[in-house]
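Observations on the model geometry
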Amino acid sequence: MSALLSLSHVTKVYRQGGMLGRRLITAVKDVSFELGEEPEILSIVGESGSGKSTVAAMILGQTEPTEGELQFDGKTVAIHSRAERKAFMKEVQPVLQNPFEAFNPLKRVDRYLFETARNFSASGKRPDRQQAEKMADAALHHVGLTLEEVKGRFPHELSGGQLQRVAIARALIPQPRLLVADEPVSMVDASLRMAIVNLFGRLKSELGLSIIYITHDLATAYYVSDNIIIMRKGEIVERGRARTVLDNPQHPYSRALKDAVLGADFSPAT
Ligand SMILES: Nc1ncnc2c1ncn2[C@@H]1O[C@H](COP(=O)(O)OP(=O)(O)OP(=O)(O)O)[C@@H](O)[C@H]1O
C-alpha cells in the first residue's frame, strides 16, 4: 500500500548569525517515517527545541529540507508557485497553536470561513453566498458548532476553545486528507483540551482524515494517537503504537519525559 506521507532521511540545518559568528543548527536530523493510506493520528512529542515544529513546517511545505525527501501522495513536496501552494493546501491543512493569531481581531470569523469556501471549494467551482454558508455550516457541525453560533462574531467574542474549533472547521472546508496541528491545545483552557483532542479522534473516523498532532502533552497524545514518535535534539529516539510506547517506554529519554509529564506511576484506567 502506498503512503499518504513519507519522510525519508530528512535533515534540516538552519544557519544563524551573520558573516561573523555564523552558527549551524541541526533542527532535524535523519528523520524517516510514514503515514499510510488508512486514516491515522500520529503524535510527535518531545521537549522544546526537539525539532517538532520544523518537521511540521517541512510537511506543510513552508520550509525545504536540507537533505532527504518528503513525499505526499507519492509526489515530492515542493512548492514554487501560488498555484502549487493552493493545490497542496487543498490536501494538507495546518492548525496553529494560537487561534487568536490565526484570525485578524478586526475581521468577523465567518468571513474567514466564507473566503476559504470560495477559494477551496471541493468541486473546483466558486460557490455563491448561499453555498459558501452551507459549506461553512457543514464544517462547523463537524467541530460541534453551527454557523448561527459564530455568525457576525469577532475573534475576541469567542472563547479560545471555540476559536480553535472555528480554526479547525476552516481547515476542514477544503476537505483535506491531512491536518498538521502544531501544539493546537497549548493555548486552550486545560478543561477544554480533551474536548478538542477527542474531536481529532472523531474527525479521523467520520471524515477519514489523518492528523499529525504535535504536542508537549503526553496525556492527550496517549488518549488520541494511534502512533507516536518521540523526538530529542532533532532525532527520533522512539516510535511505535502510542499506548505500547507510553505504557512501557524503552529509551531513557522517553522514560524521563513520561515521568516528568505524567508522573512515574501514570497508568490510565482505560
Ligand atoms: N527559522 C529558524 N532559524 C534558526 N533556527 C531555528 C529556526 N527554527 C527553529 N530553529 C532552531 O531549531 C531547533 C528546533 O526548533 P523547533 O521549533 O523545530 O523545535 P520544537 O520541538 O518545535 O520546539 P518548541 O516546542 O519550543 O516549538 C531549535 O534549536 C530552534 O532554535
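We now turn to the structure provided with this report. Just so it is clear, the model here is predicted, and its values are computed rather than measured.

Taken in spatial order, the four strands make up an open sheet running β2-β1-β4-β5, and their pairing is antiparallel. Strand pairing shows two members of the sheet lacking a second neighbour, β2 (23-35) and β5 (75-76), which therefore form its edges. Examined bridge by bridge, strand β4 (residues 67-72) and β5 share two bridges and lie antiparallel to one another. Bridge pairing links F72 to K75 in β5. Its contacts with the sheet place helix α1 (residues 52-59) against β1 (5-16), β2 and β4, and it is angled at close to 115 degrees to β1.

Near the ligand there are 13 residues, and of these S48, G49, K52, S53 and T54 occur at the shortest range. Note that an oxygen atom of the ligand is positioned 2.9 Å from one of the backbone N or O atoms of S50. The side chain of S53 places a nitrogen or oxygen atom 2.7 Å from an oxygen atom of the ligand. Relative to its unbound accessible area of 630 Å², the ligand is 64% covered by the protein chains. Put simply, the parts of the chain that give the shell around the ligand at least two residues each are β1, β2 and α1. The leading source of residues in the shell around the ligand is α1, at three residues.

Scoring rules and cut-offs
- Residues numbered from 1 in each chain as written.
- Predicted model: local features only at pLDDT ≥ 70, side-chain atom pairs only at ≥ 80, totals over all residues.
- Heavy atoms only, no water.
- Pairing = 2+ DSSP bridges.
- Helix = DSSP H or I, 4+ residues; strand = E, 2+ residues; numbered from the N terminus.
- Contact = heavy atoms within 4.5 Å.
- Axes fitted to C-alpha atoms, helices over the stretch in contact; angles between N-to-C directions.
- Near = heavy atom within 4 Å.
- Polar contact = N/O pair within 3.5 Å; in protein donor to acceptor, adjacent residues only side chain to side chain.
- Areas by Shrake-Rupley, 256 points an atom, 1.4 Å probe, with all protein chains shown as cover.

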